[in-house]
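Coordinate analysis (summary)
If you want the building blocks of each chain, they are given just below.
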Amino acid sequence: MREREKFGSRLGFILISAGCAIGLGNVWRFPWITGQYGGAAFVLIYLLFLLILGLPIMVMEFAVGRASQLSAARSFHALEPRGTKWHLYGYGAMLGNYMLMAFYTTVGGWMLAYFYKMVKGEFVNVTPAYIGDSFNQMLGNPLYMGFWMVVTVLLCFAVCSRGLRNGVEKINKVMMTCLLVLILVLVVRSVTLPGAAEGLAFYLKPDFSKLYEAEGGLFESIFAAMGQAFFTLSLGIGALAIFGSYIDQDRSLTGEAISITLLDTFVALMSGLIIFPACSSFGVDAGQGPALIFVTLPNIFNQMAGGRFWGALFFLFMAFAAFSTIIAVFENIISFGMDLWGWSRKKTVVFNLFFVLLISLPCVLGFNVWSGFSVPHIGGVQDLEDFIVSNNLLPLGSLVYLLFCTSRYGWGWDNFLREADAGDGLKFPKGLRIYVTYVLPAIVLFIFAMGYIQKFSA
Ligand code: PHE
């Protein structure tokens, strides 16, 4: 077995895990989902889920990764009791990683395309209506979108082929820091725009009746909040577990999980603070879905001194945030091939390069050539892929990790706790045993079932 690569530093580990967590989920998906499900009340539920569902499950994923020193494809084999079938979920995790990439690479490509548009100065002195049209025009052009998707995939595989420390870890540190700083600048600009107050109220003043406004009612909204909580933290498909396999037992895992969750939440909340004031200021509909940030942000840059420059930087950093997530998931995908079939790194990179390009096509085509395709209650190709991942594979996969770590038919509570607590730092609270063993799985299953019933019976 090959010697496992290790991170250069603790900060490297935290930043790369945060890099995997922080991505389109925070800056693209969080604002549009929040806009669709009614603002502040939805945000509160989402925050609650991060704390009571996300955080404990993140510790579990890291523990499984660190104890097995393997990716999700093989980690269950290594830890499960003899004769059990937990390892079958390895396939679920693989499916989740691939399916996520199937639409994520396209949105990553949108970020690059917008970087280019900003550099070109396409949005200098234009109206909000022009900015909206420009996005729709992009969606209508499969070649243009396909081009940026391909560039995204190529760049990310190139980084992965350079290995963990030189490629992923180094680039990531710089980019994440730049992104955090720029986000703060943009928050200041956005909340001081004329007409910002209305958007701020939508985002910050909870109106619980809004949760009932979704087609499927209250539980559709709660289901969506749960999906977003798992999505933003990258839970359920072993995406974080793999980084657990790249660290030693110097630090206990609970403290690390808290840092990562805080960073991730900070970025999401800040992007809301950028987007919603801008929506009310420029008359953009906050509930319009995936286009949201692409039709609001260029307006803000238009109102800023040096907006073209800041806008270009923003989309560049954002592309990198997306890339750090894509690269993390590619790392996973690559390790599947190496762990399962014993392929060399090179062979699995080449195979996956083509495979990921192939599975990314339907999402691109879904906006134009296949725009007639639509699933009732869900939507087009991208909506469908997102639904399968965020509302199904992530919560159910999280459930698998949860049961694996708490059940004596799995890896078991004692093993989990020993691994999670190994090293200096915060320990996992022992008193939570009953909660994580019985209550937490019940919550996830209940919301899942009710969400389905309401969403599809509406
Ligand atoms: N957390 C990532 C984001 O917010 C998305 C992701 C989900 C990555 C699941 C890996 C696994 O963009």
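Source: prediction; values computed, not measured. (Residues numbered from 1 in each chain as written. Predicted model: local features only at pLDDT ≥ 70, side-chain atom pairs only at ≥ 80, totals over all residues.)

Let us now look at the overall build of the protein chain. When you go through the protein chain residue by residue, the secondary structure sums to 18 helices and 0 strands. Taking 23 Å as the expected radius of gyration for a compact globule of 458 residues, we find that the protein chain reaches 21 Å, a close match to that expectation. When its C-alpha atoms are laid out on the principal axes, the protein chain stretches across 65 × 50 × 45 Å. Expressed as a percentage of contacts within the protein chain between residues at least 6 apart in sequence, the contacts between residues at least 24 apart total 84%. (Helix = DSSP H or I, 4+ residues; strand = E, 2+ residues; numbered from the N terminus. Rg over C-alpha atoms; globule rule 2.2 N^0.38 Å. Contact = placed C-beta atoms within 7 Å.)

The local shell around the ligand holds 14 residues, among which Gly 23, Leu 24, Gly 25, Ser 234 and Ala 239 are the closest. Taken together, the elements giving at least two residues each to the shell around the ligand come down to helix 1 (10-21), helix 2 (24-36), helix 10 (218-233) and helix 14 (307-341). Ranked by the residues each element gives to the shell around the ligand, the list is headed by helix 2, at 3 residues. (Near = placed C-beta within 6 Å.)

Further remarks concern helix 18 (residues 433-457). With 25 residues, helix 18 ought to run about 36 Å at 1.5 Å a step, and its terminal C-alpha atoms sit 36 Å apart, in line with that. The largest bend along helix 18 measures about 35° and falls at Val 439, with the proline Pro 441 one to four residues further on. Inspection of helix 18 places Val 436, Leu 440, Val 444, Ile 447, Gly 451 and Lys 455 among the buried residues, and these make up the whole buried set. The elements touched by buried residues of helix 18 are helix 3 (40-68), helix 10 and helix 16 (381-406). (Expected span 1.5 Å × (residues − 1). Bend = angle between axes of the 7 residues up to and from the residue. Buried ≥ 20, exposed ≤ 12 C-beta atoms within 10 Å, placed from the backbone.)

Helix 14 packs onto helix 13 (residues 292-302) with a crossing angle of 145° between their chain directions and a minimal axis gap of 8 Å. Facing helix 13, whose interface residues are Leu 297, Pro 298, Phe 301 and Asn 302, helix 14 presents Gly 307, Arg 308, Trp 310, Gly 311 and Phe 314. Of the residues belonging to the contact of helix 13 with helix 14, the class tally is 5 nonpolar, 3 polar and 1 charged. (Axes fitted to C-alpha atoms, helices over the stretch in contact; angles between N-to-C directions. Nonpolar A, V, L, I, M, F, W, Y, C, P; charged D, E, K, R; others polar.)

The next point concerns the environment of Gly 92. Structurally, Gly 92 can be placed in helix 5 (residues 89-120). According to the C-beta neighbour criterion, Gly 92 is partly exposed, with 18 such atoms within 10 Å. For the pair Gly 92 and Ala 73, spaced 19 residues apart in the sequence, the C-alpha separation amounts to 9.1 Å. Residues within four places of Gly 92 in sequence aside, it is in contact with Leu 393 and Gly 397.

This paragraph deals with the environment of Asn 332. Residue placement: Asn 332 occurs in helix 14. Judged by local crowding, Asn 332 falls into the buried class, with 27 C-beta atoms found within 10 Å. Taking the C-alpha atoms as reference points, Asn 332 and Met 318, separated by 14 residues in sequence, lie 21 Å from one another. Ignoring any residue separated from it by four or fewer positions in sequence, one finds Asn 332 in contact with Ser 71, Ala 72, Asn 97, Gly 238, Ala 239 and Ile 242.

For Asn 125, which is not a glycine, the phi torsion comes out positive at approximately 55°. With respect to the helices and strands, the residue Asn 125 is situated in the loop between helix 5 and helix 6 (128-139). For His 377, which is not glycine, the phi dihedral falls at a positive 70°. Topologically, His 377 is positioned in the loop between helix 15 (345-366) and helix 16.

The next point concerns the nonpolar core. A general trend in soluble globular proteins is that nonpolar side chains are found buried together. Within the largest apolar cluster, 157 residues are counted, with the highest numbers of intra-cluster contacts made by Ala 63 and Ala 319. At 19 residues, helix 14 tops the list of elements feeding residues into this core. Not counting the four nearest positions on each side in its chain, Ala 319 is found in contact with Gly 108, Met 111, Leu 112 and Phe 115. (Core = buried A, V, L, I, M, F, W, Y, C linked by C-beta atoms within 7 Å.)

This part is about the packing of helix 6 against helix 13. As a packed pair, helix 6 and helix 13 sit with axes 9 Å apart at the nearest point and diverge in direction by 140°. Classified by the angle their axes make, helix 6 and helix 13 are oblique. Between helix 6 and helix 13 lies a crossing of right-handed hand. In this structure, helix 6 contributes Pro 128, Ile 131, Gly 132 and Phe 135 to the contact, and helix 13 contributes Phe 294, Val 295, Pro 298 and Asn 299. Of the residues contributing to the contact of helix 6 with helix 13, the split by class is 6 nonpolar, 2 polar and no charged. (Parallel < 35°, antiparallel > 145°, perpendicular 65-115°, else oblique. Left-handed = near helix turned anticlockwise from the far one by under 90°.)

Okay, helix 7 (residues 142-161) next. When the terminal C-alpha atoms of helix 7 are compared, their 28 Å separation across 20 residues agrees well with the 28 Å that a helix rising 1.5 Å per residue should span. All buried positions along helix 7 are accounted for by Met 145, Trp 148, Met 149, Thr 152, Val 153, Cys 156, Phe 157, Val 159 and Cys 160. An end-on view of helix 7 places all buried positions within 165° of arc, on one side of the element. Looking at helix 7, the residues exposed on the side facing more than 90 degrees away from the buried face are Leu 143 and Leu 154. Where helix 7 ends, the next residue or the one after it, Gly 163, has phi of about 95°, a positive value. (Arc of directions from axis to C-beta.)

Okay, the environment of Ser 457 next. For Ser 457, the position within the fold is in helix 18. Judged by the 9 C-beta atoms lying within 10 Å of it, Ser 457 is exposed. Sequence-wise, Ser 457 and Gly 216 are 241 residues apart; in three dimensions their C-alpha atoms are separated by 7.3 Å.

Shape is all these values report; function is a separate question.
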